Amino acid sequence: MTNIPVKKPKSQFWLSIQRINKNSLALASFWIIVSLYLGAIFADFISPYSYDNETRDYSYCPPTKIHFISPSGKLTRPFIYGASSSFDEYKRRIYSEDKNEIYPVRFFVQGDKYKFLGFIPASIHLFGVDPRARIFLWGADYRGRDLFSRIMYGSRVSLSIGLLGVLISFFIGLVVGGISGYYGGKIDNIIMRACEMIMMIPGFYLMLALRAAFPPNLNSLQVYILIVLIFSFIGWAGMARVIRGMSISLREREYVLAAKSLGISDIKIILRHILPHTISYTIVAASMSIPGYILGESGLSLLGLGIQDPQASWGNLLSEAMGIMQIKFYPWILLPGLFIFITVIAFNVLGDGLRDALDPLLKEEGQMKPKLSERSETKFAG
Amino acid sequence: MINYILRRILIAMPLLLVMSLVTFLAINLAPGNFFDSLRLDPQFSEETIKHYESLYHLDKPVIAQYFYWLKNLLKLDFGYSFFYNCPVKKIIAGRLLNTLLLSVVSLFFTWIIAIPLGIIAAVNRNKFVDRFFSLISFVGLSIPGFFFALLLLYFASQTGILPLGGMRSANFDSLSFFGRIFDIAKHIIIPTIVISASAFAGLQRIMRGSLLDVLRQQYILTARAKGLPENKVIYFHALRNAINPLITVFGYEFSGLLSGAALTEIICSWPGLGSLLLAAVRAQDIYLVMASMLMGGILLLAGNLVSDVLLAWVDPRIRYD
Amino acid sequence: MKIQSKQLNKNKFYALSILKKLPLITVVFLFLSIPLDADNQINQYGGQIVLATTSDPRSFNPILAKETSTTAITGIIFEGLTRTNGETLEIEPNLAKSWEVKQDGLNWVFHLRDDVFWTNGKKFTADDVIFTFNELIYNPNIPNSSRDIFTIEGKEFKLKKIDDYTVEFILPVKFAPFLRGMSQEILPKHILEKSVRENKFSFTWGTDTLPKDIIGTGPYKLKLYQPGERIVLERNPKYWRKSKEGNRLPYIERIIYLIVQNQDTDLLKFQDGEVDYYGLRGSDYPLLKPKEKSNNFTIYDTGASFGSNFLVFNQNTSINPKTKKTYADKNKLSWFLNKDFRRAIAHAIDKEKIVEILMNGLGYEQDSAMSPSSGYFYNPSVSKYEYDLDNARQILKNAGFFDRDKDGIIEDKNGNKIEFNLYTNSGSTERIQIAGIIRKDLQSLGMKVNFMALEFNNLVSKLTATFDWDAIIIGLTGGIEPHFGKNVWDSSGQLHMWYPKQDKPATEWEKRVDEIFNQGVQELNEKKRKLLYDEWQVIISDELPVIYTVLPASIFAVRNKFENLKPTPYGGAFHNLEEIYIKEKFKK
C-alpha cells in the first residue's frame, strides 16, 4: 500500500473563518469596526484640536474649505483661508472666507498637549494650521469647537461603553447561566425567576431610575463607570437565560458524564466543558448587543443624564444636534448620528455574518432560534 | 391546557409583586420626592409642603409606603398622581389606549412588511434581493429612533403633506366620523414608520432564518419529491412550521412596544404611555410610575402566555403538561 | 372709520343731486358707494385661536396649583377683585368696581359689581369673596400658596360682609402690594362649600373633573380636556364685561391649547399655520423671521423677559445636626464666603458671547435683581462686572488664590486646590449650555469645575433640604412687584438660596435687606418704596450672593389674523384677550 497524502481535515473553526471571508459585507463591517477603534485609540493624534478647545467667535462655523489651487492658478500644497463672520438681518451668522489670509495645512504639527494612552505626554498632531486660524474639517459646534476632533474623542466613550458593558454583562450571564443550567432544580428555579424579574422591568425606565438614584457629585469617569455598570446590570439576565438553556442540553452530553464519573469538580466541568461550547452563540450575541448599549448611551444623553460636557460622546454630540435649527442651518452637526448609525449597522452586519458562518457550530449546540423571553439582545433606546 | 394557563397565572402573581417592590425601591432611591419641586416656588411655604407630604404618606419609611400602595391596589385604587393632580386611573386609561393603538398599528405594519420580505429573502437566499433586504433591515435596526423621528418630522414640514406630531388636529371635533378616523390615521403615520423601521428588521431576519431552517428539513425534500408545486411547498407546508418562532416573539414584541418608544412618542408628541411614564419617572410621581410599570409587567406576562398558548395551538408537537 | 363715513355722506349727496337728472347712473353710483363702508358693520364675533403648550395643566383649581401650565387656563376662567392692565401696568377694577381705603391703609372697602354671574347662572356676591378667603385661603386644612402672600408677620386679613355687594378687608399692618394681590381668583361658595366641609377640597377640580363642573366668572369656560392632547375653552355668553361700544365681550368663540411635548414641534406647527402664536427662543429667529410675509405672521420683540437667571454659591454656615459639621465642605465654604472670590467669578461670565452664541444676539445681560422690563422698580444703577479674565485672575491673586505648584489649578492660602461642583437642571438645554461656557471660563482661571445636570426635583431637594451642593445655575420667575419675591430675599426665606431659613441674618447686608423688605411692604408712598427697593438692588449687586447671567428677549410671533392686538412685555400678546377679535377672512 502506497502512502496517499491525505489532507488534514480542517477544523470547524477554520471553516467558519473562511466562510466569513466570503461574506464581503461582514468583512467590510469588520474592518470598519477595527478602523473606528483604531481611530478611538489614536484620537489625540488624529484630531487637530483637543475636545475642549473652543473659540466662541467661530460658533457654528461651517466646514472649512481646503484649497489646492493657489490664487494664481497653480497646483500647490493644501491651504485654507481665514474666516470672518457677521450677522445678517435675520440674526443669522454668515461666515465668509477672508482671501487675504492664507494658512497652509501642515502635517505632524505641534498642537494641544495630550497624554497618549493616558500617560505618555505628547503634543504632535497629524495635521493642523497656524494657531491664528482654525481648520474645521467637519465644521464647528455652537461654542466653536472642532466637530471632527470631538467626534474622534467621542468615539472613545461610545465604542468602549458598548464593549465594556457587553463584556461585563456577558461574563456575569455566562457564569450564572452555566451554573443555573448545570445544577438545575431549586438553584435553577431561583436564578431563572430573578432573571425574569429583571427582564420584566422595561430597561429604559430602570436605567433612568437607577441613574437618578446615584449621587451627582461624581466626576465624568465615575459617571462613565456607573453607566456601564447600570447597562450590565440590566443586560446580564437575557444572556443568562439563553446560556442556561444551552447548559441544560449540554450537561447530558457524554463527555460531561464522563468528566463527572472521573470525579472532576463541578466548577471545572462548567468552565472547561460546558461554557466553551457556548462561545459561538456568545460571540454572535455580543456583537448584536453592543449596538443596544451604544444607542442606550445616546438615549441617556438625550435626557441630559449621560456623559457630561465637556467630555464628548457620540450620544451627547447627537443630543446637541437634535433641533430644527440644526437640521436646517447647521447640518454638519448631525454627523455623530451618522457615526452611531455606521457603528451600529457594522456590528449588526458582523454579528449576522458571524451567525451565518458559525452556523454548523450553532446547530450542534442546538440553540439558535430565539425563544420567548430568551432574547439576549438588549434594547435600550425607546 | 387550562391547567397550564391557570398555573401560569398563579406564578405571575408573586412575580408581579416582586417586580413592583423592586420598582418602588428603585424610584425611591433617588433623593427627594415630587414635592421638592414645589419648594422652589417662592409662594409655597414649608408648612404647606409638609402638609402635602403627610397627606400622601411621604414622610413614612419606604417599606410602609409600599404597603400603603399595595393595600390601595387591592381596592383597585391605583393612587393619586401629584403631577397631574388627579387619580392615576383617569390619566393612564386614555394614554394606554393611545399607546395600544400605536402598538397594534405598528405591529400590524411590521408583520405585513417583514413576513413577505423574509419569505422572499429565504427563497432567494444569497441572491441580490436577499442581500438588499438584509441591508434595509440593518438600516432600519441601526438608526436611533428619536433621530429618525426628528428627521421625518422635518421633512414632513418641508413637504407639508403629513401633520407634525400629535394625535388629532385642532379641528378634530368638527370632523365627521370618517373624517376623524382619517385624521388619526394621518397622525399615526410618522410614529408608525419610526417604530416599525427597527422592529421589522429583527422580524424579517427571524422569518428568513426560520424558513431557511424549515426548508432544509426532510419532509420538505419529501414533498418536493412527491412532485408538489414549489408554491404549495413553500406557502403551505414550510410556512406553517416556520411561523412558530415568530409567534413566540409576538408576545414579547407587543409588550415591549407598550412601554418602549418613549422618546419617539415625545418627539412626535404622541400622547401615549411611554412619554407619560418618562415624565413621571423624572418627576418622581411615584404612583403613576408604579401603575404604568405594573401595566407593562402584566402585559408582558400576558403576551408571553398568549404566545405560548398560540404556539401550542399551532404546533401539535408541543405539549405543556 | 370716521373718514369713511364722511366719504359716504359725500357720495350720498352727490348721488342725490344726480338722481334728479340721470336715474340709471344714480342707481349705479348708489350701488358703488355702499361697499366703502362695509367694514363698519363687520361681525367681530366668532373664530378660534389655537395656542400650544408643552405641558398639561396639573389642575383646574386656582387655589391649589401655581405652575404656568395651569394658570394659563385658570387665568381666563376665574377672576379677581382687581386686575393689572397689561399695557399700563396700572391696577384696574375688575369684579370690584370701586374701592376706598381708610385708616392709613389698614381698612379697605370694596364695592362689587352686581351684574356678574357664575357660569351656572347664580349671581356673584360678597359671600363668594368671604368664602374664598376665609374658607379656602386661610383654611389650615388646605395647603395653598396664596395664604403665604396674604399673611403678614403671622397675621391674616380680616374680612367683613357689609352687604351683598360690599366687602371690607381689615389688614393687620400696611401692605403696599395689597391691591395688586387682589387679583386673587374668587371661587364660588355655593359649589365648593360642600367639599370644604367634607375636607375634600384638595382633591376638587383636578384634571379629571367634567368641564361643565368648573364654574367661574371669567370670559371663557372649559369645554374639553384630552390629557396629553388638548384643552378647549369656549366663550362665556354671560360674561359681564362690555367693550367701549357696548358689545358684550369676549369676541373670540373658542380657545384651543394643543399640548406638544417638544418645543421644536411647537415651532414647526406654528410655521405651518396650525398654531397662531409662538414664543421664540433667540435661536429660532433666523428660521421664522424670513417667513414673516409668506406665512402671514408678525414677530414682536418686547424687550427683556421677566425673572432672573444666575449662578449661586453655597454660603450656608449652619451646622447639620446629624454630622455636627457644616453642610458644605468647610474649605469650599471659605472660598464661597469670600466676596473677592465671587467678584472675580462675576468678571468671568462672558455675558456678551452667551447672548450672541445661544440667543443669536436676542438677549440681555443681566446685572440687577429685577428685569429691565419690570418698569417702575427696576434700578439700572447697580454695580456691573465686565468680562475680563485677566482682571479676574488679578483679583483672585490678591485674595490669595493662585497656582502655587504650577499644575494649572489654583490653590487657596492653605494649599487646597480650588475644585467644586456645578449643577443645573437637566430639563433646560439653555442652562446646560450656559453652564458649559461658564465652566470653561472658570477653568481658564485655574479652577476645576465638575459639571452635572440633575433632575429638577433632585436639584430643588439639594437647595432646600439637604444643602449638599457647591454652585448651581438656576433661574426664578419674576414680575413687577418686588415684594412677591420676599421668600428669596428675606434671610429667613425658604428660597434664600445661598443660605435659607436663617434664624437671624448672617451678615450686615442681609440684615439691611430684611429691613428693606419689611419696610417696603408697609410703605405706601410709591417714591419712598422705590428708594428702598433701589437700595436693595444695589446691595445685591455689590455683595453678589447671586451672580446674574443673561435674560432672553421676550419675542413672540402672532399670526396676522387678529385685530386689537396690543403686545407688551408684561402682558404678552393676549393680555387683553376679551377685546381681541379675528379678521373676517380667518374665521372658520
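It should be emphasised that the depicted structure is a prediction, and the values quoted were computed from it without experimental measurement.

**Student:** Would you explain the overall build of chain B in this entry?
**Tutor:** Summing up its helical and strand segments, chain B has 13 helices and 2 strands in all. For chain B, with 321 residues in total, the buried portion stands at 50%. For chain B, restricting intrachain contacts to residue pairs at least 6 apart in sequence, the fraction spanning at least 24 positions comes to 73%.

**Student:** Whenever I open this one, the overall build of chain A confuses me. Can you help?
**Tutor:** Across its full length, chain A carries 14 helices and 5 strands. The buried share among the 382 residues of chain A stands at 48%. Sequence-distant contacts, at least 24 apart, represent 73% of the contacts inside chain A between residues at least 6 apart.

**Student:** Is there a simple way to explain the pairing of strand 13 (residues 277–280) of chain C in this structure?
**Tutor:** Regular strands show a simple pattern: their side chains alternate between the two faces of the sheet. All names here are of chain C. Residues Y278 and L280 point to one face of strand 13 and are all buried, whereas Y277 and G279, pointing to the other face, are not buried. Judged from the 4 bridges that link them, strand 13 and strand 21 (residues 550–559) form a sheet pairing that is antiparallel. Each residue of the ladder has a partner; that of Y277, found in strand 21, is V558.

**Student:** Help me understand the nonpolar core, please; the structure alone is not making it clear to me.
**Tutor:** General note: in soluble globular proteins, nonpolar side chains tend to be found buried as a group. Formed by 314 residues in total, the largest nonpolar core has its most connected members in A149, L153, A280, Y287 and V289 of chain B together with L258 and I547 of chain C. Looking at this core element by element, the count peaks at 15 residues for helix 7 (residues 220–250) of chain A. Excluding residues within four positions of it along the chain, L153 of chain B makes contact with L164, G165, I190, I267 and C268 of chain B together with L268 of chain C.

**Student:** Can you help me understand the sheet that holds strand 9 (residues 166–170) of chain C in this one?
**Tutor:** Each strand in a sheet pairs with another by means of backbone hydrogen bonds, the pair being arranged parallel or else antiparallel. Residues and elements named next belong to chain C. Taken in spatial order, the 4 strands of this open sheet run 4-5-9-8, and their pairing is antiparallel. Either end of the sheet is taken by a strand with one partner, and the two such strands are strand 4 (96–102) and strand 8 (158–163). Along the sheet, successive strands turn relative to each other by an average axial angle of 20 degrees, direction set aside. Across 5 bridges, strand 5 (residues 107–112) lies against strand 9 in antiparallel orientation. Note that in strand 9 the partner of V109 across the bridge is E168. Sitting on the sheet, helix 4 (residues 126–137) is in contact with strand 5, strand 8 and strand 9, with an inclination near 170 degrees to strand 8.

**Student:** In this structure, what is going on with the environment of T209 of chain C? I would like to understand it.
**Tutor:** Residue and element names in this part refer to chain C. Position of T209 relative to the elements: it lies in the loop between helix 7 (189–197) and strand 10 (220–226). Owing to 18 C-beta atoms within 10 Å, T209 belongs among the partly exposed residues under this scheme. Between the C-alpha atom of T209 and that of R254, which follows or precedes it by 45 residues, the distance is 20 Å. For T209, the residues in contact, after removing those within four places along its chain, are F60 and I214.

**Student:** Sorry, what's going on with the environment of W270 of chain B here?
**Tutor:** Residues and elements named next belong to chain B. As for its position among the elements, W270 is in the loop between helix 11 (262–267) and helix 12 (273–283). With 29 C-beta atoms packed within 10 Å, W270 lands in the buried category. Taking the C-alpha atoms as reference points, W270 and I11, 259 residues apart in sequence, are found 35 Å from one another. Those residues within four positions of W270 in sequence are excluded, and the remaining contacts are N98, L102, M167, P191 and E265.

**Student:** Is there a simple way to explain the interface of chain A and chain C in this structure?
**Tutor:** Bring the parts together and some accessible area is lost; that lost area is often taken as the interface size. With 24 residues of chain A at the contact, the number on the chain C side is 29 residues. The element that contributes the greatest number of residues to the side of chain A that touches chain C is helix 12 (residues 324–329) of chain A, accounting for 4 residues. Of the residues assigned to the side of chain A that touches chain C, the class counts are 11 nonpolar, 6 polar and 7 charged.

**Student:** Mind showing me how you'd approach the sheet that holds strand 18 (residues 448–454) of chain C here?
**Tutor:** Residues and elements named next belong to chain C. An order of 18-17-19-15-20 is seen for the 5 strands of this open sheet, with the pairing classed as mixed. Pairing within the sheet leaves two strands with one partner each, and these edge strands are strand 18 and strand 20 (546–548). Between one strand axis and the next, the sheet turns through 30 degrees on average, direction left out of account. Relative to strand 19 (residues 471–476), strand 17 (residues 419–425) is paired through 2 bridges, and the arrangement is parallel.

**Student:** What's the story with helix 8 (residues 254–261) of chain A in this structure? I'm lost.
**Tutor:** Residues spaced three or four apart along an α-helix face the same direction, because each turn holds 3.6 residues. The buried count for helix 8 of chain A comes to 0 of 8 residues, which makes it a mostly uncovered element. Once helix 8 of chain A ends, the next one or two residues include G263 of chain A, with phi positive near 90 degrees.

**Student:** Just checking my understanding: could you explain the confidence of the model for chain A for this structure?
**Tutor:** The predicted coordinates should not be examined in detail at positions where pLDDT is low. All names here are of chain A. Averaged over every residue, the pLDDT of chain A is 80; the share at 70 or more is 85%. The lowest-confidence element of chain A is helix 14 (residues 359–365), averaging 57 in pLDDT; the highest-confidence one is helix 3 (residues 43–46), averaging 91. Note that residues 365–382 has pLDDT below 50 and, in this model, 76 contacts with residues that lie over four places away or in other chains.

**Student:** What am I meant to see in helix 6 (residues 128–142) of chain B here?
**Tutor:** Along its 15 residues, helix 6 of chain B runs 21 Å from first to last C-alpha, staying within 8% of the 21 Å computed at 1.5 Å per residue. When helix 6 of chain B is considered as a whole, its buried residues turn out to be F133, S134, S137, F138, G140, L141 and S142 of chain B. Considering only its buried residues, helix 6 of chain B is in contact with helix 10 (279–302) and helix 13 (335–357) of chain A together with helix 5 (88–123) and helix 8 (177–215) of chain B.

**Student:** Would you mind showing me how to read unusual backbone geometry here?
**Tutor:** What you tend to see is this: most non-glycine residues have negative phi, and most peptide bonds are trans. For the peptide bond that leads from L249 of chain C to P250 of chain C, omega is 0 degrees, which places it in the cis range. For P250 of chain C, the location among the structural elements is in the loop between strand 11 (230–235) and strand 12 (254–259). Phi at K91 of chain A takes a positive value of approximately 60 degrees, unusual for a residue other than glycine. Inspection of the secondary structure assignment puts K91 of chain A in the loop between strand 2 (75–87) and strand 3 (93–104). In this model, F108 of chain A sits at a positive phi of 55 degrees, which is unusual for a non-glycine residue. For F108 of chain A, the position within the fold is in strand 4 (residues 106–116).

What counts and what doesn't
Residues numbered from 1 in each chain as written. Chains lettered and ligands numbered in written order. Predicted model: local features only at pLDDT ≥ 70, side-chain atom pairs only at ≥ 80, totals over all residues. Helix = DSSP H or I, 4+ residues; strand = E, 2+ residues; numbered from the N terminus. Buried ≥ 20, exposed ≤ 12 C-beta atoms within 10 Å, placed from the backbone. Contact = placed C-beta atoms within 7 Å. Pairing = 2+ DSSP bridges. Core = buried A, V, L, I, M, F, W, Y, C linked by C-beta atoms within 7 Å. Axes fitted to C-alpha atoms, helices over the stretch in contact; angles between N-to-C directions. Nonpolar A, V, L, I, M, F, W, Y, C, P; charged D, E, K, R; others polar. pLDDT = per-residue confidence, 0-100. Expected span 1.5 Å × (residues − 1).

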